[in-house]
Amino acid sequence: MIRFTDLHSVNVRFDKEFSEAYANFLASGSYILGEEVTTFESNFANYCDTKYCIGTANGLDALTLIFKAYIELGALKKGDEVIVPANTYIASILAIVHAGLNPVLVEPNEDSFNLNPTKIEDATTWKTRAVLAVHLYGQLANMQAIKKIANTHNLLLIEDAAQAHGAIDSEGIKAGNFGDAAGFSFYPSKNLGALGDGGCVTTNNQELANMVRKLGNYGTVSKYVNEVKGYNSRLDEIQAMFLNIKLPFLDSDNNRRLEIAKQYVSGIASNKIQLPKFSEKGNHVFHQFVVRVENRDDFVDYLNKNDVETIIHYPIPPHKQNALEEFSYLKLPITERIHKTVVSLPLYPTMTNQDIQTVIQLLNAY
Ligand SMILES: *Cc1c(COP(=O)(O)O)cnc(C)c1O
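These remarks concern the structure in this document. (Residues numbered from 1 in each chain as written. Predicted model: local features only at pLDDT ≥ 70, side-chain atom pairs only at ≥ 80, totals over all residues. Heavy atoms only, no water.)

1. A word on the overall build of the chain
Here's step 1: Scanning the chain for helices and strands turns up 13 helices and 11 strands.
Here's step 2: Considered along the principal axes of its C-alpha atoms, the chain spans approximately 65 × 55 × 40 Å.
Here's step 3: Within the chain, buried positions represent 56% of all 366 residues.
Here's step 4: Partitioning the contacts of the chain with sequence separation of at least 6, the portion at a separation of at least 24 is 70%.
Here's step 5: For the chain, the centre of its 33 positive side-chain charges and the centre of its 41 negative side-chain charges are spaced 4 Å apart. (Helix = DSSP H or I, 4+ residues; strand = E, 2+ residues; numbered from the N terminus. Buried < 20%, exposed > 50% of the residue type's maximum accessible area, 1.4 Å probe, protein only. Contact = heavy atoms within 4.5 Å. Lys, Arg positive; Asp, Glu negative; His and termini not counted. Charge placed at Lys NZ, Arg CZ, Asp CG, Glu CD.)

If you want it as structure tokens, here you go:
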């Protein structure tokens, strides 16, 4: 059986370091917002090249808190429009909705699955105040072009970097450092994954950083002094401990992901399977290796019967979800076509070359 991912094999590599750190964690007696969180925030800000990193309970909260912080600061107000790709994971859209803002769903570029700058331009109205760019499947959106549009129309540019830790553009800018602020998730299967929930916000804006930090900790400015109506969304100390141990290996894991992707691309030769398009410069960290096929059910069945697990990211587009029925009237043919034809192949840093070759042979025999 070739599994879609194997989080045990990914994490057991750090077993010894985890155990040693746990002893110190236990001894510290400080289990919320202790040294591990402070250290991680500084390590990850350093990694992304941003001035600030604020831990949060998860990725959805990271994004939601960015929007709520901008509302507190007066840069956004309820009802403002935020442009977001229609084919994203539902969390991107929920973050906008939960902050009381209006998501405007736009069609992606079919080659990259990411925001199409032209479509942003078309969707911009006098009510548009922000763009939420998602680096879907680990590939950077076209941030130079998007930034230009955001600047022209005076829009905030937020990144959903939950799938793109460590992705870097040709000028050396990393995911999390392109716009005004970014949200990351450390859900266990992400490129940098905790052993539970976790997330963070990165930004270079001190005012925003302070507000996100306040909002995520009950609006606290100093112990039992609450300045705004906050939430409880803190990065857990023990998750920060795991992340501090794993962060130094993020780049090598991302390199391994790229290597696997290259093996797939050079090995798969089937006109029934459309491969992802990417440059080899590091702007795709292959959170997912997504191919497209007609008759997807047959394809998935075939791989299943041959003991290869696949997952669909995502089977139902957000605007067709009951949760977002107010958007069900939208006609988004590109998005709908994507959701009907995508399949993600197994890809994780500890996957063996033998398993990769087995998958390739099966695909070529399909
Ligand atoms: C995982 C993910 C999130 C949400 O992260 P959680 O930690 O699960 O809340 C947001 N956006 C995208 C694109 C994601 O993949």
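2. Overview of the pattern of salt bridges
Here's step 1: Per the counting criterion, the structure on display carries 9 salt bridges.
Here's step 2: In this structure, E20 engages K16 in a salt bridge whose closest nitrogen and oxygen atoms are separated by 3.7 Å. Of this pair, E20 and K16 both sit in helix 2 (residues 15-28), 4 residues apart, which is roughly one turn of the helix.
Here's step 3: Connected through salt bridges with shared partners, the residues E110, R292 and R337 form a single ionic network. (Salt bridge = Lys/Arg side-chain N within 4 Å of Asp/Glu carboxyl O.)

3. Focus: the packing of helix 3 (residues 35-48) against helix 9 (residues 237-246)
Here's step 1: As a packed pair, helix 3 and helix 9 sit with axes 8 Å apart at the nearest point and diverge in direction by 45 degrees. If you check the angle between helix 3 and helix 9, you find them oblique. Once helix 3 is placed against helix 9, the crossing between them reads as left-handed. Taking contact as the criterion, the partners of E35, E36, V37, T39, F40 and N43 in helix 3 are, on helix 9, E237, A240, M241, L243 and N244.
Here's step 2: Of the residues assigned to the contact of helix 3 with helix 9, the class counts are 5 nonpolar, 3 polar and 3 charged. (Axes fitted to C-alpha atoms, helices over the stretch in contact; angles between N-to-C directions. Parallel < 35°, antiparallel > 145°, perpendicular 65-115°, else oblique. Left-handed = near helix turned anticlockwise from the far one by under 90°. Nonpolar A, V, L, I, M, F, W, Y, C, P; charged D, E, K, R; others polar.)

4. Details of the site of the ligand
Here's step 1: The ligand sits among N58, G59, L60, Y89, A91, D160, A162, Q163, S185, K190 and G198.
Here's step 2: D160 is positioned with one of its side-chain polar atoms (N or O) 2.7 Å from a nitrogen atom of the ligand.
Here's step 3: Considered on its own, the ligand offers 380 Å² of accessible surface; in the complex 90% of this is hidden by protein.
Here's step 4: Its residues assigned to classes, the shell around the ligand shows 4 nonpolar, 5 polar and 2 charged. (Near = heavy atom within 4 Å. Polar contact = N/O pair within 3.5 Å; in protein donor to acceptor, adjacent residues only side chain to side chain. Areas by Shrake-Rupley, 256 points an atom, 1.4 Å probe, with all protein chains shown as cover.)

5. Here's the deal with the side chain of S92
Here's step 1: Here S92 is to be found in helix 5 (residues 90-98).
Here's step 2: Judged by relative accessible area, which is 0%, S92 ranks as buried.
Here's step 3: Polar contacts involving the side chain of S92 include one to the side chain of T88, which spans 2.6 Å.
Here's step 4: Those residues in contact with S92 that sit more than four places away from it in its chain are L63, V84, L132, V134 and D160.

6. Remarks on the sheet that holds strand 3 (residues 102-106)
Here's step 1: With mixed pairing, the 7 strands of this open sheet are ordered in space as 1-7-6-5-4-2-3. Edge positions in the sheet fall to strand 1 (52-56) and strand 3, since each has one partner strand and no second. The average undirected angle you get between the axes of adjacent strands in this sheet is 25 degrees.
Here's step 2: With 3 bridges joining them, strand 2 (residues 81-85) and strand 4 (residues 128-134) adopt parallel strand pairing. Bridge pairing in strand 4 places E81 opposite T128.
Here's step 3: Lying over the sheet, helix 3 contacts strand 1, strand 6 (181-185) and strand 7 (199-203), oriented at roughly 130 degrees with respect to strand 1.
Here's step 4: Running at roughly 15 degrees to strand 1, helix 8 (residues 206-215) makes contact with strand 1, strand 6 and strand 7 of the sheet. (Pairing = 2+ DSSP bridges.)

7. A look at unusual backbone geometry
Here's step 1: A cis amide bond links H313 with the next residue in sequence, Y314, at an omega value of 10 degrees.
Here's step 2: Here Y314 is to be found in the loop between helix 11 (296-305) and helix 12 (333-341).
Here's step 3: With phi around 65 degrees, Y137 is a residue other than glycine that occupies positive phi space.
Here's step 4: With respect to the secondary-structure elements, Y137 resides in the loop between strand 4 and helix 7 (143-152).
Here's step 5: With a phi angle near 60 degrees, N154 is a residue other than glycine that sits in the positive phi range.
Here's step 6: With respect to the helices and strands, the residue N154 is situated in the loop between helix 7 and strand 5 (156-160).
Here's step 7: Overall, N154 belongs to the exposed group, its relative accessible area being 57%.

8. Comments concerning the environment of I71
Here's step 1: Tracing the sequence through the fold places I71 in helix 4 (residues 59-72).
Here's step 2: Setting aside residues up to four positions removed in sequence, I71 forms contacts with L76, K77, K78, A99 and L101.

9. Re the pairing of strand 6
Here's step 1: Burial within strand 6 is extensive, with 5 of its 5 residues counted as buried.
Here's step 2: The alternating pattern of strand 6 places A181, G183 and S185 and A182 and F184 on opposite faces, both of which are buried.
Here's step 3: Of the strand pairs in this sheet, strand 5 and strand 6 are connected by 3 bridges, and their pairing is parallel. Across the sheet, the residue bridging to E159 is A182, located in strand 6.
Here's step 4: Bridge count for strand 6 against strand 7 is 5 bridges, and the pairing is antiparallel. Residue pairing in the sheet places G183 in a bridge with V201 of strand 7.

10. A closer look at the environment of E207
Here's step 1: Position of E207 relative to the elements: it lies in helix 8.
Here's step 2: With a relative accessible area of 55%, E207 lands in the exposed category.

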